[in-house]
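Report on the structure
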Amino acid sequence: MSQVLTATGLMGLDSGLSLWASLDQTVPADLTAANDSESPGQRRAAWMAAAQGGDRRAYEKLLGDSVALIRAAARRQGVAPDHLDDVVQETLITVHRVRHTYDPARSYDAWLTAIANRRAIDALRSRGRRDSRELQDDFALDRHPDADDASAATESEQRARRLHEAIAELPPGQREAVEQLGLKERSLDEAAELTGRNTGALKVNLHRALKTLRERFHGEP
Amino acid sequence: MMSDPRSVEALIDRLGTGLVPVRRLLPAWLRTAGWLLLVAAFAVVLLMHYGAQPMLRRWAATPDLAWAGIGAVITAVSAAWAAFALGVPGRNAAWAWLPLPGALLWIGASGLGCLRTWIAPGTAIAGAHQSADCLLFIIGFSIPLSALLVVLLRRACPLRPVLTAVLIGLASAAASASLLEICHAFDSAATDLLTHALAVAAVVALNAAMGGRLLSKA
């Protein structure tokens, strides 16, 4: 019994609340309608009511008219100009899906703006998430050892090339000593046997070669 | 990612092609009434089983319990109503405050139960076992009541899914607590009140966690 009593009591409360809500939303529209027969807001409300009944022409006019409102709402929420069209598309898709929730007795603009605001916030959030992920990836790339390896490999490659060039420019005796003892890692005896020179000469040539190379690389600025 | 007005035009064209007439959402109060039918059906079954006499006798002896029951009913109705209202885009978020007066009455009057020993020393006080039954009762009835609200609201467009889910939880927990009044064999004491608060909090939290996800998919 108390349920019935409170339900009717609240029905009065609801009409009071909805009156308050509709006053809030429709007063500006009524004011503009005083001069003109129909304000843009009222025109859109009528189009939406027709679209709910299946009027395609009214629907396409309405959606075309809504784009500017959606862009304005998204801009107010802080969506970057580049991403406004994404929000427009997402909002239009939502409008299409929930068009049955629009009540023709109420403001279409308020209904649309609420959806556009929500989609704008969704876009900002997903962009924020993506940006933070990308920031972390950049950070990881900076810290990843591969980055050092790659540049180090190029550097050591260049150094080796310059060393080979320098060795190639050495006098024949010195070059022979470096190749046999340094690069091919042969012992003095082996090298002596292969080149037909005595070990003393090989040692002298190696020392001279190293001196020349040292001067060449350390002398360079 | 740059502006492409043609893609927006193409989208509008595609949406226009897919346009079919839709059935408008019923007013929030009518959808609330629909949900209350299920609550009323539960109430009728419980009344047929237990009869109204024990409840009325208890209310006559301890009017604060009657006020708590009325508060729970008001909370259930107003929370469901607010949830349905918020399911329509563009509605004022202030609707979420609608259940507050009922909830204050419900909590305030139940809180008086803590002073039970002073107001009516003779009334029976719940033991721990009975309190556990209360917990199961409230949670058990809240599940179908919440489920129906979620189903009804998925047809709408709750742009604030978590707030709406909290209202769903409050509505179903309050409705379950109202139903509990019919077959409550004892009066609220501190332990009993705590159990009710725990059950309501659990139902609201579950809805906020699950309902929010269920509703935002809609």
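Residues numbered from 1 in each chain as written. Chains lettered and ligands numbered in written order. Predicted model: local features only at pLDDT ≥ 70, side-chain atom pairs only at ≥ 80, totals over all residues. Heavy atoms only, no water.

With that settled, consider the overall build of chain B. On a plain count of helices and strands, chain B comes out with nine helices and zero strands. Each helix and strand of chain B, ordered N terminal to C terminal, gives the series α-α-α-α-α-α-α-α-α. Taking all 218 residues of chain B together, 48% fall into the buried category. Long-range pairs, those at least 24 residues apart, make up 87% of the contacts in chain B between residues at least 6 apart in sequence. With the model as given, the accessible surface of chain B reaches about 10,100 Å², and the carbon-plus-sulfur share is 73%. (Helix = DSSP H or I, 4+ residues; strand = E, 2+ residues; numbered from the N terminus. Buried < 20%, exposed > 50% of the residue type's maximum accessible area, 1.4 Å probe, protein only. Contact = heavy atoms within 4.5 Å. Areas by Shrake-Rupley, 256 points an atom, 1.4 Å probe, with all protein chains shown as cover.)

Counting its secondary structure elements, chain A contains nine helices and zero strands. The order of α-helices and β-strands along chain A, N terminus first, is α-α-α-α-α-α-α-α-α. With 221 residues in all, chain A has 31% of them scored as buried. Taking all contacts inside chain A whose residues are at least 6 apart in sequence as the whole, residues at least 24 apart take part in 54%.

Let's shift gears to the packing of aromatic side chains. Residues and elements named next belong to chain A. Within this structure, the stated rule accounts for five aromatic pairs over all chains. Plain terms: the ring middles of Tyr108 and Trp111 are 5.7 Å apart, the flat faces sit at 35° to each other, and that makes the pair tilted. A residue pair is termed a helical-turn pair when its members lie 3 or 4 positions apart in one helix, as Tyr108 and Trp111 do in helix H5 (residues 108-143) at three residues. Of the two residues, Tyr108 and Trp111, neither departs from the other in class, the shared state being buried. Aromatic ring contacts, followed pair by pair, group Tyr102, Tyr108 and Trp111 into a single cluster. (Phe/Tyr/Trp six-rings, centres within 6.5 Å; stacked < 30°, edge-to-face > 60°.)

Turning next to the nonpolar core. All names here are of chain B. Among the nonpolar cores identified, the biggest contains 53 residues, and Trp35, Val39, Phe137, Leu149, Leu153, Ile168 and Leu179 are the most heavily contacted of them. By residue number, the principal contributor to this core is helix H4 (residues 63-86), which donates 14 residues. Beyond its immediate chain neighbours, meaning those up to four positions away, Ile168 contacts Ala83, Ser146, Leu149, Val150, Leu153, Asn207 and Leu215. (Core = buried A, V, L, I, M, F, W, Y, C linked by side-chain atoms within 4.5 Å.)

Attention now moves to the packing of helix H2 (residues 28-50) of chain B against H4(B). Residues and elements named next belong to chain B. The geometry of H2 relative to H4 is characterised by a closest axis approach of 9 Å and an angle of 130° between their N-to-C directions. By the criterion of interaxial angle, the relationship of H2 to H4 is oblique. Taken as a pair, H2 and H4 cross one another with a handedness that is right-handed. In contact with Ala28, Trp29, Arg31, Thr32, Trp35 and Leu36 of H2, H4 contributes Ala76, Val77, Ala80, Trp81, Phe84 and Ala85. Class assignment of the residues belonging to the contact of H2 with H4 gives a composition of ten nonpolar, one polar and one charged. (Axes fitted to C-alpha atoms, helices over the stretch in contact; angles between N-to-C directions. Parallel < 35°, antiparallel > 145°, perpendicular 65-115°, else oblique. Left-handed = near helix turned anticlockwise from the far one by under 90°. Nonpolar A, V, L, I, M, F, W, Y, C, P; charged D, E, K, R; others polar.)

A word on the pattern of salt bridges. All names here are of chain A. Tallying each qualifying case throughout the model produces 14 salt bridges over all chains. The closest approach of N and O atoms between Asp109 and Arg44, which form a salt bridge, is 2.9 Å. You can see Asp109 sitting in helix H5 and its partner Arg44 sitting in helix H2 (residues 40-52), a full 65 residues away along the chain. Residue classification places Arg44 among the buried residues on the basis of a relative accessible area of 9%. For Glu169, the salt bridge is made with Arg216, and the minimal N-O distance between the two is 2.6 Å. In this pair, Glu169 is assigned in the loop between helix H6 (145-168) and helix H7 (172-183) and Arg216 in helix H9 (residues 199-219), connecting sequence segments 47 residues apart. If you follow the salt bridges from partner to partner, you end up with Arg43, Arg44, Asp65 and Asp109 in one network. (Salt bridge = Lys/Arg side-chain N within 4 Å of Asp/Glu carboxyl O.)

For the rest of this paragraph, the subject is the interface of chain A and chain B. Between chain A and chain B, the contact holds 49 residues from the first and 42 residues from the second. Interface area, chain A with chain B, both sides summed: about 3,900 Å², of which 66% is carbon and sulfur. Linking chain A with chain B are one salt bridge. Note that Asp13(B) and Arg56(A) form a salt bridge whose closest N and O atoms lie 3.4 Å from each other. The tally of links from chain A across to chain B stands at nine residue pairs in polar contact (both at pLDDT 80 or more). (Buried area = accessible area lost by both parts, 1.4 Å probe. Polar contact = N/O pair within 3.5 Å; in protein donor to acceptor, adjacent residues only side chain to side chain.)

The next thing to look at is the packing of helix H3 (residues 56-77) of chain A against helix H4 (residues 84-97) of chain A. All names here are of chain A. Close contact between H3 and H4 brings their axes to 9 Å; oriented N to C, the two are set at 130°. The orientation of H3 with respect to H4, classified from their angle, is oblique. Helix-helix and strand crossings are classified by hand; for H3 and H4 the assignment is right-handed. Mapping the contact onto sequence places Tyr59, Leu63, Val67, Ile70, Arg71, Ala74 and Arg75 in H3 and Leu84, Asp85, Val87, Val88, Thr91, Leu92, Val95 and His96 in H4. Partitioned by chemical class, the residues of the contact of H3 with H4 number ten nonpolar, two polar and three charged.

A cluster of nonpolar residues, Leu26(B), Trp29(B) and Leu30(B), forms a patch on the protein surface that exposes about 260 Å² of accessible area. Structurally, the position occupied by Leu30(B) is in helix H2. (Patch = residues over 30% accessible without salt bridge, like charges linked within 9 Å, V, L, I, M, F, W, Y side chains within 5 Å.)

Moving on to helix H3 (residues 53-61) of chain B. Three- or four-residue spacings in an α-helix give side chains the same orientation, since the helix completes a turn every 3.6 residues. Residues and elements named next belong to chain B. All of the buried residues along H3 are Met55, Arg58 and Trp59. The buried residues of H3 occupy an angular sector of 100° when projected down its axis, which confines them to one face. Opposite the packed face of H3, turned more than 90 degrees from it, sit the exposed residues Gln53, Arg57, Ala60 and Ala61. The elements touched by buried residues of H3 are H4 and helix H8 (161-183). (Arc of directions from axis to C-beta.)

With that settled, the discussion passes to H4(B). Taking 1.5 Å of rise per residue, the 24 residues of H4(B) would be expected to cover 34 Å, and the 34 Å separating its terminal C-alpha atoms lies within 8% of that figure. Burial analysis of H4(B) places 20 of its 24 residues in the buried class, the great majority of the element. (Expected span 1.5 Å × (residues − 1).)

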